[in-house]
Amino acid sequence: MSDERLWDAFRRPVHPENRANLARQWAELPAEVKNDRQMFGRQWEGCAATIGPMPRCDFSCTACYLGSEANRVTPLSIDAVRAQLRDIRGWVGRWGNVQLTDGELTLRPTEEVVEIVRAAHEYQLIPMLMTHGDSFRKHPGMLERLMIEGGLSEISLHVDTTQRGRSGYGVEASEAALHPIREELAEIVRTARRRTGRELRVAATVTVTRANLGGVRDIVRWKLDNNDVFRMLSFQPVADVGR
C-alpha cells in the first residue's frame, strides 16, 4: 500500500464512496437477513468476479462449473473487460476486491493479462488472479511480469485431485500425491517475490468432494508447513450445475 493510500485510510477508515455503497446495499437486503450478525452492507461490500475475459480452459476437471461450450466462446475484448471492471467498481466501491477469473485467464497473451490487471488498478480495485498455476510452470517469468508490469499483488492457486490436464500429472489417487506440484508452485511464488522484491499475497483453493474429503487433513498439514507462501486456504464444495 502506498504512503498516500495508508494516510488516507488512517484519516478516513471508511471512504465516503464506500460508506454510500454500504448504505445502498444494506437498504437492498431482504428484511429477514438484516440482523446484528450481517456483515454485508454494514462492514463489507462483497467481492466481485469477472465473466467472459477467457471462458476457455486447458484443463478438463471433473468438478468444473464451465459449460461444454466454454472452449468455443470468444473471449471479451480488452475494452469490454475494462467496461466490466468499471461496472464492478460501482458495486464494490473504492479498493474493492475483484477476482480475475472465468475459465483460465492466463491463456490470454501475457501482455493482455498485464493490461487487465492494470485496468483493475486504474479503477481503484484490488485484483486477485484466480488460476490453476500451470501457465507459470510452462512460462517461467510470467508471474514476475504480471507483478512488475501489471502491479499484481494477489493470486489464488487451485490444486486438487479433481483436476485433469496438468503437465506431468495424470489422475492422482490422493491429495498427498499432489504435494510435489504444490511445492513447485510455492517455489515459483518464493522466486517471484525474491526477484521482484514485491509483495505477493497468495491463497490456495481446493474443491472438496466425497472422493477427496479424506485428503483435507493432508492439505492442511502441507499448507501449515508452507505458510510463508499461503495466507488463506479455501475449501469449496462442488458447484451444483445440474450434472
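Keep in mind it's a predicted model, so treat the numbers as computed, not measured. (Residues numbered from 1 in each chain as written. Predicted model: local features only at pLDDT ≥ 70, side-chain atom pairs only at ≥ 80, totals over all residues. Heavy atoms only, no water.)

Q: For this particular structure, what's the right way to read the overall build of the chain?
A: Summing up its helical and strand segments, the chain has eight helices and six strands in all. When the helices and strands of the chain are listed from N to C terminus, the series reads α-α-β-α-β-α-β-α-α-β-α-β-α-β. Here the C-alpha atoms of the chain give a radius of gyration of 19 Å, agreeing with the 18 Å that 2.2 N^0.38 yields for 243 residues. On the principal axes, the C-alpha backbone points of the chain span a range of 50 × 45 × 40 Å. In the chain, which comprises 243 residues, the share counted as buried stands at 46%. Across the chain, contacts joining residues at least 24 apart in sequence account for 75% of those joining residues at least 6 apart. Summed over all atoms, the accessible surface of the chain reaches about 13100 Å², with 52% contributed by carbon and sulfur. Each charge class in the chain can be summarised by its mean position, and for the 34 positive and 33 negative side chains these summaries are 2 Å apart. (Helix = DSSP H or I, 4+ residues; strand = E, 2+ residues; numbered from the N terminus. Rg over C-alpha atoms; globule rule 2.2 N^0.38 Å. Buried < 20%, exposed > 50% of the residue type's maximum accessible area, 1.4 Å probe, protein only. Contact = heavy atoms within 4.5 Å. Areas by Shrake-Rupley, 256 points an atom, 1.4 Å probe, with all protein chains shown as cover. Lys, Arg positive; Asp, Glu negative; His and termini not counted. Charge placed at Lys NZ, Arg CZ, Asp CG, Glu CD.)

Q: What should I look at first to understand helix α3 (residues 78-92) in this one?
A: Since there are 3.6 residues in each turn of an α-helix, residues three or four apart along the chain are aligned in direction. Under the 1.5 Å per step criterion, the end-to-end length of α3 is 21 Å for 15 residues, consistent within 8% with the ideal 21 Å. Where α3 is concerned, the buried positions are I78, V81, R82, Q84, L85, I88, R89 and V92. Taken around the axis of α3, the buried residues stretch over an arc of 160°, which confines them to a single face. Turned more than 90 degrees from where α3 packs its buried face, D79 and D87 sit exposed. (Expected span 1.5 Å × (residues − 1). Arc of directions from axis to C-beta.)

Q: Is there a simple way to think about the nonpolar core in this case?
A: The nonpolar side chains of soluble globular proteins are, as a tendency, buried together. Of all hydrophobic cores here, the largest spans 41 residues; its most connected members are L85, F136, L143 and I155. Looking at this core, the elements with two or more residues in it are α3, β2 (96-100), α4 (110-122), β3 (125-131), α6 (142-150), β4 (154-158), α7 (179-196) and β5 (201-208). Those residues within four positions of L85 in sequence are excluded, and the remaining contacts are T50, V98, L100, I116, A119, A120, Y123 and L125. (Core = buried A, V, L, I, M, F, W, Y, C linked by side-chain atoms within 4.5 Å.)

Q: Explain the side chain of Q84 here, please?
A: The topology assignment puts Q84 in helix α3. Given the relative accessible area of 18%, Q84 is considered buried. Ignoring sequence-local partners within four residues, the contact set of Q84 consists of A49, T50, I51 and L76.

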